[in-house]
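Listed below, chain by chain, are the residues.
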Amino acid sequence: MAEAPLPAIRSLPSWLLGRAAARGRALVAEALAAQGMKMWHHVVLSAVRDLAPVAQADLGRGIGLDPKDLVGVLNDLQAAGLVVRAPDPRDRRKNAVSLTDEGAGLLTRCEKAAREANDALLAPLSAAERDQFMTLLIRISGTDR
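Residues numbered from 1 in each chain as written. Predicted model: local features only at pLDDT ≥ 70, side-chain atom pairs only at ≥ 80, totals over all residues. Heavy atoms only, no water.

### A short note on the pairing of strand 2 (residues 83-88)
Right, so step 1: Across six bridges, strand 2 lies against strand 3 (residues 91-99) in antiparallel orientation. Residue pairing across strands places Val 83 opposite Leu 99, the latter belonging to strand 3.
Right, so step 2: Counting the residues in the hairpin turn of strand 2 and strand 3 gives two residues. (Pairing = 2+ DSSP bridges. Helix = DSSP H or I, 4+ residues; strand = E, 2+ residues; numbered from the N terminus.)

### A short note on the pattern of salt bridges
Right, so step 1: Going through the model one piece at a time under the given rule, you end up with seven salt bridges.
Right, so step 2: The partner of Glu 116 in a salt bridge is Lys 112, with the nearest N and O atoms 2.6 Å apart. With Glu 116 and Lys 112 both in helix 6 (residues 101-121) and four residues apart, this pair spans about one turn of that helix.
Right, so step 3: Connected through salt bridges with shared partners, the residues Arg 49, Asp 50 and Glu 111 form a single ionic network. (Salt bridge = Lys/Arg side-chain N within 4 Å of Asp/Glu carboxyl O.)

### Focus: the side chain of His 42
Right, so step 1: For His 42, the location among the structural elements is in helix 3 (residues 39-51).
Right, so step 2: Judged by relative accessible area, His 42 falls into the buried class, the value being 14%.
Right, so step 3: Those residues in contact with His 42 that sit more than four places away from it in its chain are Leu 32, Met 37, Leu 107, Cys 110, Glu 111 and Ala 114. (Buried < 20%, exposed > 50% of the residue type's maximum accessible area, 1.4 Å probe, protein only. Contact = heavy atoms within 4.5 Å.)

### Remarks on the pairing of strand 3
Right, so step 1: Across two bridges, strand 1 (residues 54-55) lies against strand 3 in antiparallel orientation. Bridge pairing in strand 3 links Val 54 to Val 97.

### Structural notes on helix 4 (residues 56-63)
Right, so step 1: Restricting attention to buried positions, one finds in helix 4 the residues Gln 56, Leu 59, Gly 60 and Ile 63. On an axial view of helix 4, the arc spanned by its buried residues comes to 95°, and they lie on one face. Residues of helix 4 that are exposed and angled more than 90 degrees away from the buried face: Arg 61 and Gly 62.
Right, so step 2: Residues of helix 4 that are buried make contact with helix 3, strand 1, helix 5 (67-79), strand 2 and strand 3.
Right, so step 3: Of the residues one or two after helix 4, Gly 64 is the one with positive phi, at around 70°. (Arc of directions from axis to C-beta.)

### Details of the environment of Ala 57
Right, so step 1: Following the sequence through the fold, Ala 57 ends up in helix 4.
Right, so step 2: Residue classification places Ala 57 among the partly exposed residues on the basis of a relative accessible area of 42%.
Right, so step 3: Each C-alpha atom of the pair Ala 57 and Ile 140 lies 30 Å from the other, and the pair is 83 residues apart in sequence.

Pasting the structure below:
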């Protein structure tokens, strides 16, 4: 079924960015699923690798994930042997999270899969266009790599 004609909406940069983002998320989610991972699991593993050992509360704040949701993700990751939670060496009242060797290996595979999915998303662009596109996305997104 063809999409209804909405030229005023479809010409908005915000609409086009939303469509591109949805396509990108779908490609990455599919690539991660092939590794047995979900998006938030991948985000948490990546953040734990970058911050470890990291207090569970700091991890949640750092990635913007609700504490209840973070507990569920960490429970999944710990049950799979990908992370460990232990008393935080800086504050024994808190749990600190670290990657296991298995978690680090899976994260490496997931990062490769996510890069390949993003390459597929940007395949219509030349290398120069990709660089320019990324520069422009950073500028308009309000983020600072």
